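Take a look at the letters that make up each chain.
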Amino acid sequence: MVLYDRIIVPIDGSAGSERVAVHAAALAAVHDAELHGVYVVNAGSFAGLPMESSWEGLDDMLRADAESALDQVERAAEAQGVPAETHVLEGTPSREIVEFAERGECDLIVMGTHGRGGIDRLLLGSVAEKVVRASKVPVLTVRIEGGGDDADEHAVEVPGEAAPESPADSPAEADAAADSTATADGGE
């Protein structure tokens, strides 16, 4: 039974992005699905820059970052033999990801999470958490290394391989892990 025809993988080029791209490409291969890499330029975060700043240079730099991040998706897709398209969007990352997934009739969003928990999660939120809460499309989050003290070093890279389980070190971490889990139907 094929569950997914179109998989979107939002990517930001941060540490661990390649792991997310590899996981998404492997899922696309198993399901014979198209892979869509998405990079969102959050132009709003640069709104406070002085007008003298070189917008042309800034735009070039942001586009170069996008291309570099999306190259990870293309390489992962090529290694798995799956078709891939890449897209550069502008706007608020969580909103653009959800709208792209719904507008493009995607069946699954695969994205990384830094495993942020406790007060940081409450104050800062995360793109992954906002997408999980807003999306009608199911979301699979892949925990990546280096995102905080509670990051899981055993993120799954290939479908079908079980990741070793590790007990939560504290009740707050257990709650954070439960909050970041979504079922296949998009519910919690």
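Computed from a predicted structure; not experimentally measured.

Calculation notes
Residues numbered from 1 in each chain as written. Predicted model: local features only at pLDDT ≥ 70, side-chain atom pairs only at ≥ 80, totals over all residues. Heavy atoms only, no water. Helix = DSSP H or I, 4+ residues; strand = E, 2+ residues; numbered from the N terminus. Buried < 20%, exposed > 50% of the residue type's maximum accessible area, 1.4 Å probe, protein only. Areas by Shrake-Rupley, 256 points an atom, 1.4 Å probe, with all protein chains shown as cover. Expected span 1.5 Å × (residues − 1). Pairing = 2+ DSSP bridges. Axes fitted to C-alpha atoms, helices over the stretch in contact; angles between N-to-C directions. Contact = heavy atoms within 4.5 Å. Core = buried A, V, L, I, M, F, W, Y, C linked by side-chain atoms within 4.5 Å. Salt bridge = Lys/Arg side-chain N within 4 Å of Asp/Glu carboxyl O. pLDDT = per-residue confidence, 0-100.

Overview of the overall build of the protein chain
- Looking only at helices and strands, the protein chain has six helices and five strands in total.
- Counted from the first residue to the last, the protein chain has its helices and strands arranged as β-α-β-α-β-α-β-α-α-β-α.
- For the protein chain, the residues scored as buried account for 38% of the 188 residues in total.
- A total accessible area of about 10500 Å² is found for the protein chain, and carbon and sulfur atoms account for 50% of it.

Quick notes on helix H1 (residues 17-31)
- If you check H1, its first and last C-alpha atoms are 21 Å apart, about what 15 residues at 1.5 Å a residue would give, namely 21 Å.
- Of all 15 residues in H1, 11 are buried; the element is thus mostly enclosed.
- Of all the positions in H1, only Ser17, Arg19, Val20, Ala21, His23, Ala24, Ala25, Ala26, Leu27, Ala28 and His31 are classed as buried.

So, the sheet that holds strand S2 (residues 34-41)
- Here we have five strands laid out as an open sheet, ordered S3-S2-S1-S4-S5, and parallel in their pairing. Each edge of the open sheet carries a strand with a single partner, namely strand S3 (84-90) and strand S5 (139-143). Adjacent strand axes in the sheet meet at a mean angle of 25°, parallel and antiparallel pairs treated alike.
- Strands strand S1 (6-10), S2, strand S4 (108-113) and S5 of the sheet are contacted by H1, whose axis makes an angle of about 155° with S4.

Some points on the nonpolar core
- Of all hydrophobic cores here, the largest spans 27 residues; its most connected members are Ile7, Leu35 and Val110.
- Put simply, the parts of the chain that give this core at least two residues each are S1, H1, S2, helix H2 (55-80) and S4.
- It is H2 that provides the largest number of residues to this core, a total of eight residues.
- Apart from residues lying up to four places away in sequence, Ile7 is in contact with Ala24, Leu27, Ala28, Ala33, Glu34, Leu35, His36, Leu108 and Val110.
- Within the second largest apolar cluster, 16 residues are counted, among which are Leu89, Phe100, Ala101 and Val132.

Here we look at the pattern of salt bridges
- Counted under the stated rule, the structure contains three salt bridges.
- Residue Glu34 is joined to Arg6 by a salt bridge in which the shortest nitrogen-to-oxygen separation is 3.0 Å. Pair noted here: Glu34 is in strand S2 and Arg6 is in strand S1, with a separation of 28 residues, a long-range link.
- The exposure class assigned to Arg6 is partly exposed, which follows from its relative accessible area of 23%.
- With its nearest N and O atoms 2.3 Å apart, the salt bridge here joins Arg63 to Glu90. Placement of the pair is Arg63 in helix H2 and Glu90 in strand S3, with a sequence separation of 27 residues.

Considering helix H3 (residues 93-103)
- Taken as a whole, H3 has its buried residues at Pro93, Ser94, Glu96, Ile97, Val98, Phe100 and Ala101.
- One or two residues past the end of H3 sits Glu105, with phi positive at roughly 50°.

Some remarks on the confidence of the model for the protein chain
- With 62% of its residues at a pLDDT of 70 or more, the protein chain has an overall mean of 75.
- When mean pLDDT is taken per element in the protein chain, S1 scores highest with 96 and helix H6 (residues 171-179) scores lowest with 40.
- The model gives residues 147-188 a pLDDT under 50, and that stretch makes 53 contacts with residues more than four places away or in other chains.

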